[in-house]
Amino acid sequence: MKHEQAKKYGMVIDLDKCTGCGACMVACMAENNVPFKEDETNKLDSITWMRVYQLTNGKPFPDTDICYLPRPCMHCEGDHGHSPCVSVCPATATDYSMDTGIVSQIYTRCFGCRYCMAACPYHARYFNWWDPVWPNGMEKYLNPNVSPRMRGVVEKCSFCYHRYQLAKDRAFMEGRRELEEEEYQTACTQACPAGAIVFGDLNNKTHRVHQIVQPDPAHAGRPKNPKAFRLLERLGTNPKVYYLSSREWVRRSGDHYLPHEGPGGGH
Amino acid sequence: MSTNDDKAKADALTDTGKQPEQDKPEKGNGASGSILFFFLVGLIASLLVGWVVFPELLYSKKKQPIDFNHALHVDMVDEGCESCHFFREDGSFSGVPELAQCIECHEEAQTDHPEEIKFVTQYVEKYREVPWLVYSRQPNCVFFSHAAHVRLAEMDCVTCHGPIGESTHSRIYEENRITGLSRDIWGRNIAGIKRNSWDRMKMDDCAECHAEAATKTASEGEAPIEGFFNNIIRIAFPGSLSGRKSSVQTQNEACFVCHK
Amino acid sequence: MKMDRRSFLSFLIGGAAGTTLSPLPWKLTDDLAIWSQNWPWTPVPAGGEVTFVETTCMLCPGGCGVTVRKVGDRAVKIEGTPGHPVNDGGICILGLSGLQLLYGPTRVPAPLRRAGGRGENHWEKISWDDALALVVEKLAALRENRLSHTLACISGTDGGTVGRLMERFLTAYGSPNFIRTPSMRDAYEMTLHLMQGVQASAGFDVENADFILSFGSGILEGWGSPVRMFRAHSAWKEKGVKVVQIEPRLSNTAAKSDKWLPVNPGTEAVLALGLAHVILKESLHRKEFVDFYASGLDRWKNEVISKWTPEQVEAVTGIDKSTTVALARSFARADHPLALCGRGKGSTPGSIGEFMAVHALNALVGNINRKGGVWAVPGPDYIRWPEVEMDATAAAGMQQPRIDGAGTEKYIFARHLLHRVPEMVTAADPSLVQALFILEANPYYTLSDSALLKKAWDKIPFIVSFSSFMDETAQNADLILPNHMYLERYEDVSYAEGFNKPYIGLAKPVIHPQFSTMHAGDVILRLAKALGDPVQKAFPWEDYEGCLDDTFGDALETLRETGYRVEADFAPGSGYPVFETASGRFEFIPEEIRDAGMQAMVQPQGEEPAFPLILIPFDSQRLANGYIGDPPFVIKTVPDTVLKGDALFVEVHPETAKAIGLSEGRAALLATPKGQARVRVHLFEGIMPGLVGIPTGLGHQAYDGYLAGKGVNANALMGPVEDGASGLNAAWGIRAKLSRV
């Protein structure tokens, strides 16, 4: 076969290590030319491809506990690539790549119907209600590898796909087709000061993501690692972002479990 | 009652009896003739507008800041196009050379060619970048990897850029007034007809070549007859024979491959 | 031939047919589609060669190494430098946003002279020559009138060449009033001075500690060098190192800790003494250290044993006595236990009693200058300029007491007491400060008791800011001499907060200056030159780079290449005398300070009936609260439970809120003895009842529209509380009242 082995890029975020500092959010914004407005306190229209949510165990003082949960796009594989957003897009603006497992979003193709936003159970998609405005001079820091978006289109995390492209270019120059694990890393992974994010190919047994989560191919990639879980596991979205936590209440808050159910015991 | 009716009938007959002799043929010919005439006028005028005037209006013509002689330069360098349009170590493609590169040879004018003297006095001496107009510049939503095409697939520059290396003068740069892009993207031919692979640089042209390559790869090792039928199946049902679809919606690599 | 209706229609049909057969409609449709997908007003970032420049971040005292990615001559991204001794590839949220400061609208574009009233923000651009001439004229006149000591400088930096040049300028000119902005560094330096007899910074070998006892230190909020602390925290998680966080609010650090002990606010030191009680009573302390290297234990032990039994500690701190006993045991039994203090990011010094109590805990377990412990890191030694030759005027000026009283009899151990300056300036007539320089600091925002500060400000006739940004202080100055921004200049970073090894970082110009700015070092040299001898004589350098060259010699070249210099195998105690006290030992009760040091608790300002609650400021990694304010990216990450529109939320326990009749999101009036502000209420189960938590870092009046006017400045509601023993500002909160509006 001419094609190299299909990749399935995924992420593991260790919630025990995540400090909620927000560096991943800003690293993402800086890398991907994410716009900003004077008032970003309405979180419904605040574009954050990577967003850190705060979870709480709901217990009263002093037993209350908090956990931070960074949420990029989950790059759901669904059932054979039928991720929720891809299957509803009428414009072929978003697609699931079988080569990388990455859900793409083409801004110039998107006409802003926002079906995908309604379909995404993770609120990972954002709509540009306004044209982006960079204060005079600030457009100088824009990254040429990512095109700035316009009003009226949806955008979301791309697992820094442009970094994949650049890494491939470098590999081609050296006469290689395959990338080493560290050659393609997302901006958030690179920035995380706690080292809480691990990124790599879930299909590749030598990659850390595979070793940490031990995805179970018989059960749509469900983690065999008892500390690992995925968000809304039972929805069947088959996401490629995994979380690790040693706290049970955190793992349980990944889905709407009934008291007698629990993560990992669902199937 | 009846008398009146008859008379009226007779009048009517007389009227119609008279007119066919004098007017009808002429009027009839004239009416259909003029309809045809105006139809033709409209047709020809709009064809003229569409084929001749519109392209003239659509594109503004710009001269390159320096009339560059590719042929002359290609003769003098060792590594062909890549002597000036080179790959960087990180796999990115340098594209149009920057002034610093030109200065390596042209710190001072080497000939008394007026264009070279203009280049040296206006740009080199003032250390000002030359505002070259790039014929192949794509809109910002396009990602194109030179490394993948030139290094991995070992294509040559001419396939997409044409025999520009043989040119002795810089062509007039025609800029689309609506899109701001070069005419070379759509192609010289306003109807979009191309004779050579480098005549157009639109997405369809990328797709065409890629489809050909994919079919060629897929049918390697197939018997001629089998290949013929398989090709039909491949065109009708993309992805069905390759064993693995490369994407869900387009069946043909997700859009991220070429778009950013 | 006449055109009638039918032939006209025919003409149109012909035209339509012809148009359809021509490329016009198809081409136009295509072009319009392309146009509508690529609006001309959407910026298209230019491509180019990608290069990387390694430099040192100067946005906080963390000293991180950063790598700037450039495309052509544009800087497009800041990333952490892999392999850097401080942050090894990691980077914090503020450091990531540096380019928004570099290219942002808050930059001061050129020297500005105030055109309207102070603070009205009307400015006139002037040339550098005119700007410097203005300063020289003013300074020459003061010196002429033997008022040189009335020049003061508030500086955010003091160890590196720029801070030292400024201090030297003041010395040669004749003023002792070089005042560094306050932080926990003041308290730690004093603690090491008193208990160990050294002039050193406290470094923490966090990577090798195996039990962390944090007295309110925001390990994950920006305490120390933030990225280094995050990395250490992750390593602790991997190794199973236990972290106990002691503070009244569930901070990020508390949430991540293995055990959170919500202690009554301001009583952390008592808990430390209670732990010492248990350790001493049960003889869990390391005798091999205490017996041979410490002195004064008996007296201290008597005090601790008699006063701070677990029962007494429970009464004061609210921490169950069995918890205290268990904690003391697990702390003392760990191999490398480490106790930390300095609240939040450590931006307020704190009481010396508290620092000494916590440091004594480290001594009890023998964890001083030892693996996993607190290390005394000597100050930078690379600046060896000749002594300033003072003329009579300078000598007379230097004889005057410092305006903040530091070093005078009452504040004999203190080196910098900025919080006292507003009071001193307001008290005297004419003002004790006739000219004020502000370097890399924003005191107009960061100093508490804003009302008093404004009064003092009005009494200072001439204020010069060196800020690169239009911060509050610059906005309220008379003249701004904008420094190059840290990505545009050379400057040595002499220290990394909390790092346990001597370290020098070098900031390098990543891109050429974007505006008509000048390096503060060059400004100082040019001022000195213009003032003439004897000031000029003290500065034998042509320009700042010449000064750097001279200072570092050959080492500068390696520093330029690597970006930093670190004594990797530094170990205090081998090569460095460990304890330089009179006894040569670690002092549990330093002679100089005696019982005053046992005054562990500092009461908040305000009286109970009028102010039934206690307001505690809290720090967050997403809210910069020092010299630099939040850039747009960072303010964007602030949750809507902290800021919504322009309204600030304060955290209140649901029971406390219910008693006042407040529910989630309700507007309220927050009043303290120092001021009042309208806020909204966020109910939080993670804050102790009876407290009001206010986030720091908001309420800016300056900077840009992304930051200005949002929320409330916590400093405006707070006031300094002077620690009796040290004079340092030990305020950790203030009494407050929250009422419905």
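Fair warning: this is a prediction, and the values are worked out from it, not measured in the lab.

*Asks:* Looking at this structure, I do not really get the overall build of chain A. What am I missing?
*Replies:* Scanning chain A from terminus to terminus reveals seven helices and 12 strands. The C-alpha radius of gyration of chain A comes to 19 Å, within 12% of the 18 Å expected for a compact globule of 267 residues. Reported as C-alpha extents along the three principal axes, the dimensions of chain A are approximately 50 × 50 × 40 Å. Within chain A, the proportion of its 267 residues that are buried is 56%.

*Asks:* I would appreciate a short explanation of the interface of chain B and chain A in the present structure.
*Replies:* Frequently, the measure chosen for interface size is the accessible area that the parts lose on association. Contact with chain B, which involves 26 residues of that partner, is made by 29 residues of chain A. No other element matches helix 6 (residues 146-152) of chain B, which puts four residues into the side of chain B that touches chain A. A breakdown of the residues in the side of chain B that touches chain A according to their chemical character gives 10 nonpolar, 10 polar and six charged.

*Asks:* Please clarify how the confidence of the model for chain B should be interpreted in this entry.
*Replies:* Where the model shows low pLDDT, its predicted coordinates should not be examined in detail. Averaged over every residue, the pLDDT of chain B is 83; the share at 70 or more is 77%. In the predicted assembly, ipTM is 0.94 and pTM is 0.92.

*Asks:* Sorry if this is basic, but what is going on with the sheet that holds strand 19 (residues 503-507) of chain C here?
*Replies:* Where strands meet in a sheet, backbone hydrogen bonds hold them as pairs that are either parallel or antiparallel. All names here are of chain C. Taken in spatial order, the three strands make up an open sheet running 18-19-20, and their pairing is antiparallel. Looking at strand neighbours, the two that pair on one side only are strand 18 (491-493) and strand 20 (564-566), the edges of this open sheet. Sheet twist, expressed as the average angle between the axes of neighbouring strands with direction ignored, equals 15°. Pairing of strand 19 with strand 20 involves three bridges; the strand directions are antiparallel. Following the sheet pairing, I504 is matched in strand 20 by R565.

*Asks:* Explanation requested: the environment of I117(B) in the structure shown.
*Replies:* Residues and elements named next belong to chain B. Tracing the backbone shows I117 in helix 5 (residues 114-124). For I117, a count of 12 C-beta atoms within 10 Å puts it in the exposed group. Spatially, the C-alpha atom of I117 lies 9.7 Å from that of H106, the residues being 11 residues apart in sequence. With residues near it in sequence (within four places) discarded, I117 still touches A109 and D112.

*Asks:* Sorry, what's going on with the packing of helix 4 (residues 99-106) of chain B against helix 5 of chain B here?
*Replies:* All names here are of chain B. The geometry of helix 4 relative to helix 5 is characterised by a closest axis approach of 12 Å and an angle of 130° between their N-to-C directions. Judged on the interaxial angle alone, helix 5 and helix 4 are oblique. In this structure, helix 4 crosses over helix 5, and the sense of that crossing is left-handed. Residues L99, I103 and H106 of helix 4 form the contact with helix 5, whose participating residues are F119, V120, Y123 and V124.

*Asks:* Whenever I open this one, unusual backbone geometry confuses me. Can you help?
*Replies:* With the exception of glycine, most residues fall at negative phi, and the peptide bonds are largely trans. Note that the residue after F61(A), namely P62(A), is joined by a cis bond; omega there is 0°. If you trace the backbone, P62(A) turns up in the loop between strand 2 (51-56) and strand 3 (66-71). The omega torsion across D429(C) and P430(C) is -5°, close enough to zero to call that bond cis. Mapped onto the secondary structure, P430(C) falls in the loop between helix 17 (421-427) and strand 15 (435-439). Even without being glycine, F159(A) reaches a positive phi, approximately 55°. Position of F159(A) relative to the elements: it lies in the loop between strand 7 (154-156) and helix 4 (161-173). The class of F159(A) is buried, set by 29 C-beta atoms lying within 10 Å. Phi at N369(C) takes a positive value of approximately 55°, unusual for a residue other than glycine.

*Asks:* Got a minute to help me understand the sheet that holds strand 2 (residues 65-71) of chain C in this structure?
*Replies:* All names here are of chain C. Pairing within the open sheet is antiparallel, and its three strands lie in the order 1-2-3. Either end of the sheet is taken by a strand with one partner, and the two such strands are strand 1 (50-56) and strand 3 (74-80). Going across the sheet, the axis of each strand differs from the next one's by a mean of 30°, ignoring polarity. In terms of strand pairing, strand 2 meets strand 3 through six bridges, oriented antiparallel. Pairing of T67 across the sheet is with E79, part of strand 3.

*Asks:* Mind showing me how you'd approach the environment of V50(C) here?
*Replies:* With respect to the helices and strands, V50(C) occurs in strand 1. Taking the C-alpha atoms as reference points, V50(C) and R74(C), separated by 24 residues in sequence, lie 9.6 Å from one another. Non-local contacts of V50(C), meaning those with residues more than four positions away in its chain, are made with D90(B), S92(B), R69(C), K70(C) and V71(C).

*Asks:* Can you walk me through helix 16 (residues 392-399) of chain C in this structure?
*Replies:* At 3.6 residues per turn, the α-helix brings residues three or four places apart onto the same side. Residue and element names in this part refer to chain C. A394, G397 and M398 are the residues of helix 16 that are buried. One side of helix 16 holds all its buried residues, which, seen down the axis, span an arc of 95°. Exposed residues pointing more than 90 degrees away from the buried face of helix 16 are listed as A392, A395 and Q399. Packed against the buried residues of helix 16 are helix 6 (161-173).

*Asks:* Even after reading the chapter, I still don't get the pairing of strand 12 (residues 241-244) of chain A, so can you show me in this structure?
*Replies:* Regular strands place side chains that alternate from one sheet face to the opposite one. All names here are of chain A. Burial of the side chains of strand 12 extends over both faces: V241 and Y243 are buried on one face and Y242 and L244 on the other. As judged from the four bridges shared by strand 1 (residues 9-14) and strand 12, these two strands associate in the parallel manner. Opposite D14, over in strand 12, you have L244 as the bridge partner. Sheet analysis places strand 11 (residues 228-229) next to strand 12, joined by two bridges and oriented antiparallel. Bridge pairing in strand 12 places A228 opposite L244.

What counts as what
- Residue numbers here run from 1 along each chain, matching the order of that chain's written sequence.
- Chain letters and ligand numbers both follow the written order, the letters beginning at A and the numbers at 1.
- Totals for whole chains, interfaces and linings use all residues, but because this is a predicted model, local features are given only for residues with pLDDT of at least 70 and pairs of side-chain atoms are given and counted only at 80 or more.
- Counting from the N terminus, the helices are the DSSP runs of H or I reaching at least four residues and the strands are the DSSP runs of E reaching at least two.
- Based on C-alpha atoms, the radius of gyration is set beside the globule rule, defined as 2.2 Å times the residue count to the power 0.38.
- Think of it as a crowd count around each C-beta: if 20 or more other C-beta atoms lie within 10 Å the residue is buried, if 12 or fewer it is exposed, and in between it is partly exposed, with C-beta placed from the backbone throughout.
- A pair of residues counts as a contact when their C-beta atoms, built from backbone coordinates, are within 7 Å of each other.
- Each residue receives one of three labels: charged for Asp, Glu, Lys and Arg, nonpolar for Ala, Val, Leu, Ile, Met, Phe, Trp, Tyr, Cys and Pro, and polar for the others, Gly being one of them.
- A score from 0 to 100, pLDDT tells how confident the predictor is in each residue.
- For two strands to be treated as a pair, DSSP must find no fewer than two bridges joining them.
- In this analysis, axes come from line fits to C-alpha atoms, helices being fitted only over the stretch in contact, and the angle between any two N-to-C directions falls in the range 0 to 180 degrees.
- When describing relative orientation, an angle under 35 degrees is termed roughly parallel and one over 145 degrees roughly antiparallel, while 65 to 115 degrees is termed roughly perpendicular and anything else oblique.
- Handedness of each helix crossing follows the sense of rotation of the near helix against the far helix: counterclockwise by less than a right angle gives left-handed, clockwise gives right-handed.
- The reported arc concerns the directions from the helix axis to the C-beta atoms and nothing else.

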